[in-house]
Structure formats: C-alpha cells, structure tokens
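# Coordinates in review
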Amino acid sequence: MNENCIFCKIINGDIPCAMIYQDEETFAFLDINPINDGHTLIIPKHHHENIFSTPSDIFAKMAITAQKIAKRQKEILGADGINIGMNNEPDAGQVVFHAHIHVMPRFKNDGYDLWKGKTYKEGEIEKIQNKLKF
Ligand code: AMP
Ligand code: ZN
C-alpha cells in the first residue's frame, strides 16, 4: 500500500470504484473516463509503478486478467474489437503511477483512429534491429 496512490486506495476500499473482477494478485475496475462504456483498468493488488518495476510473474497475471476482461467485453457488451494499452512513464502518457493495463472495447464506427505509422529510411530498420536484438 502506497499512501499517496489513488489505485492503492481503491484496492483498500478507501475510494469507491466499479470493480468487475479480482483474484489473489489482480483487480479490475471500470475507468472513470472511458473511451467507450466498459473501458477497464487491470491493476496488481500490490503497488508497482509501471511495467519496468512490476515483477514478471505479476505482469503475466495482469495479462491473463486483461484477456479475461477482453473476452467478457466482447461477449457481454458485443464489442466488435478490443484495444489493450499501457502507459509507462509521463512521456508515454502515464498519469497514475500504479501499473495498469487498459482494456478498451471498440465498436464499428466509434470514431477512434489508430496511430499512423512512420516509414524507415533506407537501412534504418536494420540499424534499429541490431541495437535492439537480444
Ligand atoms: P494513465 O496513467 O494515462 O494510463 O491514465 C490513468 C487512467 O486512470 C485514466 O484513464 C483515468 O480515467 C483513470 N482513473 C483515474 N482515477 C480513477 C478512478 N478514481 N477510478 C477509475 N479510473 C480512474
Ligand atoms: Zn498503488
């Protein structure tokens, strides 16, 4: 429990939320400002700031819960598709610093667009590949 964390307060029951699922390690509740009805946040029950500091086994459990919620959104809400997202660090848009995965139901003609991809200049993709590959 991090005293200054709004999501820790939610798990602790100090702040209300619309919870839809929980298990030993994870907790899922409706985002208060949804992109569409049913937009859900999956969080670990213990405080971890983001993807970098979340233990892998806990992140794996968050992913399993995210899949459960995605299937539920499709089945119950009739979502035509699902986007999964996670903002890590302020420059990537993270505002709440308790790791969370967004599971967002999408509907035909709901007006949202995906990011537009750039193109690599000649030879650049190989350079990046060489830097990143394990
Ligand atoms: P981000 O850190 O950018 O992934 O965004 C945090 C998300 O948490 C936003 O989509 C907010 O709408 C959502 N959020 C913030 N406070 C609450 C709350 N009390 N209950 C539900 N969702 C919240
Ligand atoms: Zn927290």
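The sections below set out a description of the structure shown in this document. All values reported here derive from a predicted model rather than from experimental measurement.

Once that is clear, we can look at the side chain of His 102. Relative to the helices and strands, His 102 is located in strand β5 (residues 101-106). According to the relative accessible area criterion, His 102 is buried, its value standing at 12%. A polar side-chain atom of His 102 sits 2.8 Å from a polar atom in the side chain of His 39. Residues within four places of His 102 in sequence aside, it is in contact with Asp 31, His 39, Thr 40, Leu 41, Asn 83, Ile 84, Gly 85 and Asn 87.

Formed by Ala 28, Ile 42, Ile 58, Met 62, Ala 66, Ile 69, Ala 70, Met 86, Ala 99, Ile 101 and Val 103, the largest nonpolar core amounts to eleven residues. Those elements that place two or more of their residues in this core are α2 (56-77) and β5. Sort the elements by how many residues they give to this core and α2 lands first, with five residues. Not counting residues within four places of it along the chain, the set of residues in contact with Ile 69 comprises Ile 20, Tyr 21, Ala 28, Thr 40, Ile 42 and Val 103. Phe 7, Ile 10, Phe 27 and Phe 29 belong to the second-largest nonpolar core, a separate cluster that totals eight residues.

Attention now goes to the environment of Ile 43. Here Ile 43 shows up in strand β3 (residues 40-44). In this structure Ile 43 comes out as buried when scored by relative accessible area, which is 0%. Between the C-alpha atoms of Ile 43 and Lys 9, which are 34 residues apart in sequence, the distance is 12 Å.

Time to look at the site of ligand 1. Near ligand 1 there are 16 residues, and of these Asp 31, Gly 93, Val 95, His 100 and His 102 occur at the shortest range. A distance of 3.0 Å is found between an oxygen atom of ligand 1 and a side-chain nitrogen or oxygen belonging to Asn 87. At a separation of 2.7 Å, an oxygen atom of ligand 1 approaches a polar side-chain atom of His 102. Taken by itself ligand 1 offers 510 Å² of open surface, and the protein chains cover 84% of this. Mapped onto the shell around ligand 1, the elements with two or more residues apiece are α1 (6-12) and β2 (26-30). Here the element with the most residues in the shell around ligand 1 is α1; it accounts for three residues. Of the residues assigned to the shell around ligand 1, the class counts are nine nonpolar, six polar and one charged.

In this section: α2. Compared with the 32 Å implied by 1.5 Å per residue over 22 residues, the 30 Å span of α2 between its first and last C-alpha is a close match. Restricting attention to buried positions, one finds in α2 the residues Ile 58, Met 62, Thr 65, Ala 66, Ile 69, Ala 70 and Gln 73. Relative to the axis of α2, the buried residues are bounded by an arc of 150° and lie together on one face. Turned more than 90 degrees away from the buried face of α2, the exposed residues are Ser 56, Ile 64, Lys 71, Lys 74 and Glu 75. Its buried side turned inward, α2 meets β1 (19-22), β2, β3, β4 (81-85) and β5. Immediately beyond the C-terminal end of α2, within one or two residues, lies Gly 78, with a positive phi of roughly 70°.

This part covers the pattern of salt bridges. Scanning all chains against the criterion turns up three salt bridges. For Lys 116, the salt bridge goes to Asp 113, with nearest N and O atoms at 3.6 Å. Across the pair, Asp 113 and Lys 116 agree in class, each one exposed.

Rules used throughout
Here, residues in each chain are numbered from 1, in the same order as that chain's written sequence. To label them, take the chains in the order written and letter them from A, then take the ligands in the order written and number them from 1. Residues qualify for local features only when their pLDDT is at least 70, as the model is predicted, and side-chain atom pairs are given and counted only at 80 or more; totals for whole chains, interfaces and linings, by contrast, use all residues. Values shown for side chains rest on all heavy atoms present in the structure; no hydrogens or waters enter the calculation. Note on conventions: DSSP H or I runs of at least 4 residues are helices, E runs of at least 2 residues are strands, and numbering of each starts at the N terminus. Throughout this description, buried means an accessible area under 20% of the type-specific maximum (1.4 Å probe, protein chains only), exposed means over 50%, and partly exposed covers the range between. Any pair of N or O atoms that falls within 3.5 Å is considered a polar contact. Within protein, one atom must be able to donate a hydrogen and the other to accept it, and sequence-neighbouring residues count only if both atoms are side-chain atoms. By definition, residues are in contact when any of their heavy atoms lie within 4.5 Å. What we call a nonpolar core is a set of buried Ala, Val, Leu, Ile, Met, Phe, Trp, Tyr and Cys residues that are connected through their side-chain atoms within 4.5 Å. Proximity is defined per residue: if any heavy atom of the residue lies within 4 Å of a molecule or strand, that residue is considered near it. Accessible areas in this description were obtained via Shrake-Rupley with a 1.4 Å probe; residue shielding takes into account the shown protein chains only. Each residue receives one of three labels: charged for Asp, Glu, Lys and Arg, nonpolar for Ala, Val, Leu, Ile, Met, Phe, Trp, Tyr, Cys and Pro, and polar for the others, Gly being one of them. Under the convention used throughout, the expected extent of a helix is 1.5 Å for every residue step, that is, one less than its residue count. Directions pointing from the helix axis toward each C-beta atom define the arc. One side-chain nitrogen of Lys or Arg within 4 Å of one carboxyl oxygen of Asp or Glu is enough to make a salt bridge.

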